[in-house]
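Coordinate analysis (summary)
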Amino acid sequence: METSFLRPNPSSGVPIYLQLIEQVKHAIETGALRAGEQLPGIRPLAERLVINPNTVAKAYRELEHEGIIELRHGAGAFVSGVRPRQMTANVRAGQAIVAAAITRLRARGLGEEEIRRLFEAQLGGLSGKGERSA
Amino acid sequence: MPEAIIEATNLRKTYGDVEALRGLSLDVHAGSLCGFLGRNGAGKTTTLKILLGMMRPTSGEARVFGRRVSDSVASIEIRRDAAFVGEDKPLFDYMTVQDVIRFTAAFYPQWRQDLEQYYLATFGIAPAMKVKTLSRGMRTGLALVLALCRNARLLILDEPTSGLDPAMSEQVLQALVRHVASAETTVFFSSHQIAEVEQVADRVVIIDRGRTTITAALDDLRAQYRRIHFVFDDDAPAPVFRAKGVERMHRDGRVLTVLASAGAEGIVEEGRTLRPVSVDVVPVSLKEIFLESSGVEG
């Protein structure tokens, strides 16, 4: 199985291991990666993307911690069976929330670029805080 | 704490009236690919030469593999166990690539013959080529092949991609990534290509004018550094933040910009008590952090 990982953007300000985690989650959500399928090994993936192997290892550990993949000793990393469906439902629900928010922002006369910046600002600075912007 | 392969404390080096290093401290952890960033003349090469015992510090102390670099016996052991590729690459011009490799291999019992062909092919070097006919990129490539095949525990590289085209730079970086992934190796490499450090390094040491300004895991820098813009109805106030992590503040009319090295949430919260009309938080790239820590306004 050859998952098409994209080169992470090192200059985006988002840690590379988080970008990898997002890619794996996205691949599972779109069905590109299915339960039981194997992910590339840490070393080949690091070489392919020309990024630090410790970064790949960190992403895999985090994904294992979230229960999304299983690290089997000596055998590699595998997509676990449970999560994908549930995540897909969450993502669909999330899309609806975001779409509604965007509609309301557009109604207030905000342009696409301004909306994008608002989202990025909130994601960048206040992760997990659930705080309202002034 | 991970084991420190390199640790330097309060290094000073003066050449006549010039202070090249002014109390530089750093550490490099085992197994890391650590980038060493600084402007030209910041003291990168001087630091690397001191670590390898090729130059003595005026004061201060450094240890590599726990051995003191200023001890002449220990420094021979350091050079035996650490491979160095400097900016000038002394190679025997009259030899062929194959001869240079055989000649070098004879000195190192742990020589990785299995890697020779792989790396030569990667860098597009034919074994029968005369060293004097190699292009600049191939010369760097050959110096790296010699360093990588020694199977050293530590690779110290002074601007390994300087003067290489982008494709060749990428191959060099890939070789380094492959090397740290496959062996118990630590790599400490200087560079002023911030993008390449961002791409492959897991840790970074930034120096400016002979002093260390930042030693950190890159992911921590990315996760913690933020630029916060507070926009006010009227002229921006000049608050004194109680929250930690404020590196720099800049007022421009109604806008107050704060560069935070940590705790952006706390700073935002505190800033909100000043009743701004809007708050904007944006990530900061390593390039901006570098410029900021080198005293260059971003």
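Residues numbered from 1 in each chain as written. Chains lettered and ligands numbered in written order. Predicted model: local features only at pLDDT ≥ 70, side-chain atom pairs only at ≥ 80, totals over all residues. Heavy atoms only, no water.

Focus on the overall build of chain B
Going by this rule: Strands are runs of DSSP state E lasting at least two residues, helices are runs of H or I lasting at least four, and both sets are numbered from the N terminus onward. Burial here depends on accessible area, computed with a 1.4 Å probe over protein chains only, as a share of the maximum for the residue type. Under 20% is buried, over 50% is exposed, and the range in between is partly exposed. All accessibility values rest on the Shrake-Rupley procedure with a 1.4 Å probe; residue burial counts only the protein chains present in the view. Residues scored as charged are limited to Lys and Arg (positive) and Asp and Glu (negative), so that His and the chain ends carry no count. For the purpose of locating charges, the reference atoms are NZ of Lys, CZ of Arg, CG of Asp and CD of Glu.
For chain B, the count of helices and strands is 10 helices and 14 strands. Taken over the C-alpha atoms alone, chain B extends approximately 75 × 40 × 35 Å along its principal axes. In chain B, buried positions account for 52% of the 298 residues. Surface accessibility of chain B: about 13300 Å² in total, with carbon and sulfur atoms responsible for 49%. In chain B, 36 positive and 38 negative side-chain charges are present, and the distance between their average locations comes to 5 Å.

Observations regarding the packing of aromatic side chains
This is how it is decided: Ring geometry is summarised as follows: Phe, Tyr and Trp rings, the Trp one being its six-membered ring, pair when their centres sit within 6.5 Å, and such pairs are stacked at plane angles under 30 degrees, edge-to-face over 60 and tilted between the two. Charge-over-ring contacts are defined here by two conditions on Lys NZ or Arg CZ: a distance within 6 Å of the ring centre and an angle within 35 degrees of the ring normal.
Going through the model one piece at a time under the given rule, you end up with eight aromatic pairs over all chains. Each ring, one from Y119 of chain B and one from F123 of chain B, has its centre 6.4 Å from the other, and the planes form 15°; the classification is stacked. Taken as a pair, Y119 of chain B and F123 of chain B share a single burial class, namely buried. Three or more aromatic residues joined by ring pairs form one cluster here, namely F92, Y94, F103 and F107 of chain B. Between the NZ or CZ atom of R72 of chain A and the centre of the ring of F78 of chain A, over which it lies, the distance is 4.0 Å.

Topic: the environment of Y17 of chain A
Rule in force here: Pairs of residues are marked as contacts when any of their non-hydrogen atoms sit within 4.5 Å.
Along the polypeptide, Y17 of chain A turns up in helix α1 (residues 16–30). Separated by 45 residues in sequence, Y17 of chain A and E62 of chain A have C-alpha atoms that sit 8.8 Å apart. The residues touching Y17 of chain A, leaving out its near neighbours within four places in the chain, are T55, K58 and A59 of chain A together with D219 of chain B.

So, the packing of α1 of chain A against helix α3 (residues 53–65) of chain A
All names here are of chain A. Our working rule: A fitted line through C-alpha atoms serves as each axis, taken over the contacting stretch for helices, and the angle formed by two N-to-C directions is quoted from 0 to 180°. For classification purposes, an angle smaller than 35 degrees is called roughly parallel, one larger than 145 roughly antiparallel, one from 65 to 115 roughly perpendicular, and anything else oblique. Should the near helix be turned anticlockwise from the far one by less than a right angle, the crossing is left-handed, and should it be turned clockwise, the crossing is right-handed. Asp, Glu, Lys and Arg are counted as charged, while Ala, Val, Leu, Ile, Met, Phe, Trp, Tyr, Cys and Pro are counted as nonpolar; the rest, among them Gly, fall into the polar class.
Where α1 contacts α3, the axes come no closer than 8 Å and their chain directions differ by 50°. One way to sum up the angle between α1 and α3 is to call them oblique. The handedness of the crossing between α1 and α3 is right-handed. Contact residues: α1 offers I16, Y17, L20, I21, V24 and K25, while α3 offers T55, V56, K58, A59, E62 and L63. Residue composition of the contact of α1 with α3, grouped by class: eight nonpolar, one polar and three charged.

A few points about the interface of chain B and chain A
The line we're drawing: By buried area we mean how much accessible surface two parts lose on assembly, using a 1.4 Å probe and totalling the loss over both. Think of a salt bridge as a Lys or Arg side-chain nitrogen and an Asp or Glu carboxyl oxygen that are within 4 Å of each other. We call two N or O atoms a polar contact when they sit within 3.5 Å, provided that within protein one can donate a hydrogen and the other can accept it, with sequence-adjacent residues counted only if both atoms are side-chain atoms.
Counting residues at the interface gives 33 residues for chain B, matched by 32 residues for chain A. Summed over both partners, the interface of chain B with chain A buries about 2600 Å², with 50% contributed by carbon and sulfur atoms. On the chain B side of the contact with chain A, D219, E265 and R272 of chain B bury the most area, a combined 21% of that side's loss. Remark: the boundary between chain B and chain A carries four salt bridges. R178 of chain B serves as the salt-bridge partner of E47 of chain A, at 3.6 Å between the closest nitrogen and oxygen. Where chain B meets chain A, there are eight residue pairs in polar contact (both at pLDDT 80 or more). Looking at the side of chain B that touches chain A, the element that brings in the most residues is helix α6 (residues 166–182) of chain B, giving eight residues. Counted by class, the side of chain B that touches chain A contains 16 nonpolar, six polar and 11 charged residues.

A closer look at the environment of L221 of chain B
All names here are of chain B. Mapping L221 onto the fold places it in helix α8 (residues 218–224). Sequence separation of L221 and S285 is 64 residues, and the distance between their C-alpha atoms is 8.9 Å. Those residues in contact with L221 that sit more than four places away from it in its chain are V204, I214, A216, L286 and I289.

What about unusual backbone geometry?
Residue and element names in this part refer to chain B. One non-glycine residue, F65, lies in the positive phi region at around 55°. Turning to its location among the elements, F65 is positioned in the loop between β4 (59–64) and β5 (67–68). Phi at R275 is positive, roughly 60°, even though this residue is not glycine. Within the secondary structure, R275 is located in the loop between α9 (264–272) and β14 (278–283).

Here we look at the domain arrangement of chain B
Residues and elements named next belong to chain B. To be explicit about the condition: Throughout the structure description, domain borders are defined by an automatic or database domain assignment.
You can read the domains of chain B as domain 1 (4–220) and domain 2 (225–293). With centres defined by C-alpha atoms, the gap from domain 1 to domain 2 works out at 38 Å. With 11 residues of domain 1 at the contact, the number on the domain 2 side is seven residues. Taken together, both faces of the contact between domain 1 and domain 2 bury some 760 Å²; the carbon and sulfur share is 79%. Considering only the side of domain 1, the residues that lose the most area to domain 2 are I194, I206 and I214, jointly responsible for 51% of the buried surface there.

Details of the sheet that holds strand β2 (residues 18–29) of chain B
For sheets, the rule is that strands pair by backbone hydrogen bonds, running either parallel or antiparallel. All names here are of chain B. Short version of the rule: DSSP calls a pair of strands paired once it identifies at least 2 bridges connecting them.
Pairing within the open sheet is antiparallel, and its four strands lie in the order β2-β1-β4-β5. For this open sheet the edge positions go to β2 and β5, each flanked by a neighbour on one side alone. Its contacts with the sheet place helix α1 (residues 44–51) against β1 (4–15), β2 and β4, and it is angled at close to 60° to β2.

Side note on the pairing of strand β8 (residues 186–191) of chain B
All names here are of chain B. Burial of β8 is extensive: six of the six residues sit out of reach of the surface. The sheet contact formed by strand β3 (residues 33–37) and β8 spans five bridges and is parallel. Of the residues in β8, the one forming a bridge with L37 is S191. Bridge count for strand β7 (residues 154–158) against β8 is five bridges, and the pairing is parallel. Within β8, the position partnered with L157 by the bridge is F189.

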